[in-house]
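Letter by letter, the chains look like this.
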Amino acid sequence: KWYKARKFYATMLVVFLFAMTIHTLRDLPYEMPVYGQGKEATVVDVEAMQFGWNMSQTEFKVGEPIEFDVTSKDVNHGFGIYNEDNQMLAQTQAMPGYTNKVYITFDKPGTYEVLCLEYCGLGHHLMTGKIVVK
Ligand code: CUA
């Protein structure tokens, strides 16, 4: 029947418009983390290698927004930051030829640990680093 077809097309149109809306919303530039009081993030270069971490800075202040720019000198590694309770706070991949960014603001003073999260060879478990927050 013609009116059934019309109802079908109307439904399809609504579904289409809904899908387009979702699609558009999804493609909007997503918001970067908001840094406290408009402060610029401290940019830290992190280079992973078998078997260690080269970090341009390892001491920070509580409340200081930090951007880790993470890459690798050789193979794929995983960059993970852990607090003193062994909880992971942030992580990203360390890949040769790429720079992955990870943002963090430490809200407690202490010693944080950097661990490699991807098996990268015999010394994988030796890939630890230290971050001190005062
Ligand atoms: Cu580097 Cu595992």
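Scroll up for the structure.
We now turn to the structure provided with this report. As a convention, each chain's residues are numbered from 1 in the sequence order in which they are written. A pLDDT threshold of at least 70 governs which residues receive local features in this predicted model, and a stricter bar of 80 or more applies before side-chain atom pairs are shown or counted, although totals over entire chains, interfaces and linings include all residues. The basis for every side-chain value is the complete set of heavy atoms in the structure, and neither hydrogens nor water enter the calculation.

1. With respect to a nonpolar patch on the surface
Thinking step 1. Together, Leu13, Phe16, Leu17 and Met20 line one region of the surface with nonpolar side chains, adding up to about 400 Å² of accessible area.
Thinking step 2. In DSSP terms, a helix is any run of H or I states spanning at least four residues, a strand is any run of E spanning at least two, and both are numbered starting from the N terminus. Inspection of the secondary structure assignment puts Leu13 in helix H1 (residues 2–27). For patch detection, residues must exceed 30% relative accessible area and be free of salt bridges, and they are connected within 9 Å for like charges or within 5 Å for nonpolar side chains (Val, Leu, Ile, Met, Phe, Trp, Tyr). A 1.4 Å probe and the Shrake-Rupley method give the accessible areas. Residues count as covered only by the protein chains that appear here. We define a salt bridge as a side-chain nitrogen of Lys or Arg found within 4 Å of a carboxyl oxygen belonging to Asp or Glu.

2. Considering the packing of aromatic side chains
Thinking step 1. Stacked, edge-to-face and tilted are the three classes for Phe, Tyr and Trp ring pairs, Trp counted by its six-membered ring, which pair at centre distances within 6.5 Å; planes under 30 degrees apart are stacked, over 60 edge-to-face, the rest tilted. For the structure shown, the criterion picks out 5 aromatic pairs.
Thinking step 2. When the ring of Phe8 is compared with that of Tyr9, the centres are 5.5 Å apart and the planes differ by 65°; the resulting orientation is edge-to-face.
Thinking step 3. The classification of residues rests on relative accessible area computed with a 1.4 Å probe and restricted to protein chains. Under 20% of the type maximum is buried, over 50% is exposed, and intermediate values are partly exposed. Judged by relative accessible area, which is 49%, Phe8 ranks as partly exposed.
Thinking step 4. Note on Phe60 and Phe68: the rings are 6.0 Å apart at their centroids and 80° apart in plane angle, and the pair reads as edge-to-face.
Thinking step 5. With a relative accessible area of 4%, Phe60 lands in the buried category.
Thinking step 6. Its relative accessible area of 0% is what places Phe68 among the buried residues.

3. With respect to the sheet that holds strand S4 (residues 65–72)
Thinking step 1. Pairing between strands is defined by DSSP: at least two bridges between them are needed. Overall, mixed pairing links the 4 strands, which are arranged S2-S1-S4-S7 in an open sheet. The open sheet has two edge strands with one neighbour each: strand S2 (52–55) and strand S7 (100–105). Pairs of neighbouring strands in the sheet enclose a mean axial angle of 25°, with direction left out of account.
Thinking step 2. Both strand S1 (residues 42–49) and S2 contribute to a ladder of 4 bridges, which runs antiparallel. Bridging across to S2, Val46 finds its partner in Met55. All axes are obtained by fitting lines to C-alpha atoms, using only the stretch in contact for helices, and the reported angles, taken between N-to-C directions, cover 0 to 180 degrees.

4. Here we look at the pattern of salt bridges
Thinking step 1. Inspection of the entire model under this criterion finds 2 salt bridges.
Thinking step 2. As a salt-bridge pair, Glu59 and Lys134 come within 3.4 Å of each other at their nearest N and O atoms. Highlighted residues: Glu59 in strand S3 (residues 59–60) and Lys134 in the segment after strand S9 (128–133), separated in sequence by 75 residues.
Thinking step 3. Given the relative accessible area of 46%, Glu59 is considered partly exposed.
Thinking step 4. The exposure class of Lys134 is exposed, given its relative accessible area of 62%.
Thinking step 5. Across the pair Lys101 and Glu67 runs a salt bridge whose closest N-O atoms are separated by 3.4 Å.

5. Some thoughts on unusual backbone geometry
Thinking step 1. Here Gln50 and Phe51 are connected by a cis peptide whose omega angle stands at 5°.
Thinking step 2. Tracing the sequence through the fold places Phe51 in the loop between S1 and S2.
Thinking step 3. For Asn86, which is not a glycine, the phi torsion comes out positive at approximately 60°.
Thinking step 4. Turning to its location among the elements, Asn86 is positioned in the loop between strand S5 (77–82) and strand S6 (88–94).
Thinking step 5. Overall, Asn86 belongs to the exposed group, its relative accessible area being 57%.

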